[in-house]
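# Examination of the molecular architecture
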Amino acid sequence: MPQHDQPDKKPRLQHADLSESNLTEQEKQRERQRRWLANEKRDPARAQEIKERNTANKRAWRKQKKEKKEKADQTGNAGPAEGQGPAKKQRVSSPETHAEAGPYNSAPDDIPIDPILLNQGETLPQAGPSNSGPDHIPIDPLLLNQEIAAPTPTLPLMRDAEVMTDAPEPLHDAEVMTDAPEPFVNLPVEIIPVPPLPTFSTLTNLDSRDRATPIIGTQVHKKSDTIDWSDGSTMVLPCIMRDGVNICQEDADTVAFFASLQESLPETSKNIVHLHYKDWRTKSRQLCDEISAAIRVNKAVIIRNISTPEPATLDLDYLEDRGMSDLMHVVIHDAEQRTKDFTFPHQHATLEEFVNNIHDPNKIQCILDVGYGQGGLPSALSTLDSSIVNRWNQTTVDCPVGEKFHPDNFTVHSWALIHSPTFWTHPHHDLDGSLTFVQVKTGEKKWGLWRHIHEDTLTWTHLSEIAPELTDLYQNRKKIQETWHGEIVTLLPGDMLIQPPGQFHAVYTPVTSFATGGHFYNYETMHLMELSRYIDHKQGRTLTNQVHEHSLETFQ
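Figured I'd write up the structure that's included with this text. (Residues numbered from 1 in each chain as written. Predicted model: local features only at pLDDT ≥ 70, side-chain atom pairs only at ≥ 80, totals over all residues. Heavy atoms only, no water.)

### Here we look at the pattern of salt bridges
The full count for this structure, using the stated rule, is 24 salt bridges. Between E320 and K58 there is a salt bridge; the shortest N-O distance is 2.8 Å. Of this pair, E320 sits in helix 8 (residues 316-320) while K58 sits in helix 3 (residues 44-74); the two residues are 262 residues apart in sequence, bridging distant segments of the chain. Look at E320 and you get buried, because its relative accessible area is 16%. (Salt bridge = Lys/Arg side-chain N within 4 Å of Asp/Glu carboxyl O. Helix = DSSP H or I, 4+ residues; strand = E, 2+ residues; numbered from the N terminus. Buried < 20%, exposed > 50% of the residue type's maximum accessible area, 1.4 Å probe, protein only.)

### A short note on the sheet that holds strand 9 (residues 365-371)
Read from one edge of the open sheet, nine strands run 5-6-15-12-17-10-9-7-8, paired in mixed fashion. In this open sheet, the two strands that pair with only one neighbour each are strand 5 (272-276) and strand 8 (346-350). Across this sheet, the average inter-strand angle for adjacent strands is 25 degrees, counted without regard to direction. Seen against the sheet, helix 7 (residues 284-296) touches strand 5, strand 6 (300-304), strand 12 (435-442) and strand 15 (496-499) and runs at an angle of roughly 165 degrees to strand 5. (Pairing = 2+ DSSP bridges. Axes fitted to C-alpha atoms, helices over the stretch in contact; angles between N-to-C directions. Contact = heavy atoms within 4.5 Å.)

### Examining the packing of helix 2 (residues 25-40) against helix 3
Direction vectors running N to C along helix 2 and helix 3 enclose 120 degrees, while the axes themselves pass 8 Å from each other. The residues of helix 3 that touch helix 2, namely those facing W36, L37 and E40, are R46, A47 and I50. Residue composition of the contact of helix 2 with helix 3, by class: four nonpolar, no polar and two charged. (Nonpolar A, V, L, I, M, F, W, Y, C, P; charged D, E, K, R; others polar.)

### Notes on the pairing of strand 10 (residues 415-419)
Most of strand 10 sits inside the fold, with five of its five residues counted as buried. Every second residue of strand 10 is oriented toward a common face, with W415, L417 and H419 on one face and A416 and I418 on the other, all of them buried. Sheet analysis places strand 9 next to strand 10, joined by four bridges and oriented antiparallel. Residue pairing in the sheet places I367 in a bridge with I418 of strand 10. Two elements, strand 10 and strand 17 (residues 513-520), share five bridges in a ladder whose sense is antiparallel. If you follow I418 over to strand 17, its bridge partner there is F514.

The following block contains the structure:
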């Protein structure tokens, strides 16, 4: 018999240690999957291939579901009721997930599962409310190093990524785990109609000042009230209905008062410097000098059109293009949870669950610190960050970095903010005495800034004692109007705001928005940094909304 050359095959993984372990069969299966994926990713080229195929398949799945929805709408199939968002499935969390995570199942219903991922003869745990995948899948024993056996058992579709694997890449993708060229064609899939993932245009039509009509009944509750702002725009007030009552009425009253503050204008503002980037495009050093002169005397700086925004749809593809996986675990600030405990509004969820919730009219949420390590100050302004230029770049030889240091030393220089419509952020100042910059990419923000009218004569102790009155803006509105100067900056896509240390500010987000920003230190504001840290020490529990623990390492 002629001999044919056989291509080299990778040796099959051996799992002898697992047979002696006390793990359950399901836990052994997950461990085999994890080892297989880790072994594949040892080859950089293979790791990149896995990532690219995984991304392509997820996008193909989302496109497929969108096309199904459009086709169903065209043929007259029943859709969401008028004035209501898409119907949602109630998520039943597995014991391994957080009880406070978002209410919607984040796993796809009809992505075919590669047989290699499933262990022959085992029934894997069900983590979702329904099984919509193929019921009978022939199982390849290659990964498991087992003899072929028949008949093939019926296996449920795994629905929760947390149950599947601890690996950073999702494992529900067929092409990742097999060389089959067209998994969507070769594997039959039972099609069950489900609501599409919500997508929404977040580059608001800036020619129209009506921010309310496009979102009432879809992204916000149909009974939401509206308010006219001093700049002529109309926006929705916060509203979450429970038993016929708006449980966010206090936030709605506060935002209505906030809307009455004057809009900051270049000609009249005493505390905010207005710049337009087109006037400084070729003069980056002079621009940095101008900003330094402003923040030195405790003035915020608004730079208009520092970047050119592009029309965008804020969906999972948009976020994935910016390095944010739909499976990323995030900490959500939830408005309803805040009504129960003002100091702890946090919930745990995945990024996909957060995006799904945006079309729930009874959810108002945001994420304050999405990882966005590739951001930071624009290159033209990078020399403003003394902590990077003078600390980490120049002094690490004289002052070597220890074996252990806090990752916030670098991660706080770049983060992203994602807000659903009508989220109200109460007045506060940012922790650690750092400057803050924020740049709106899509959507819009109303950024309010306050300075005490007798700031130059107040003692630090007195300022720390009266500052908490800002946190209850509506109840203390009369006293605040008498003793604090407040104004609003409207941030549109492409605008950047830089605020000095200790700047008291509040933010209203009228439409779904995505922004990037970060914290940094500057030698020109060390006196303000010291005051800000003193106030943190006295009133940090009520006057800041996010805690970092890295600053002393930078100062040292």
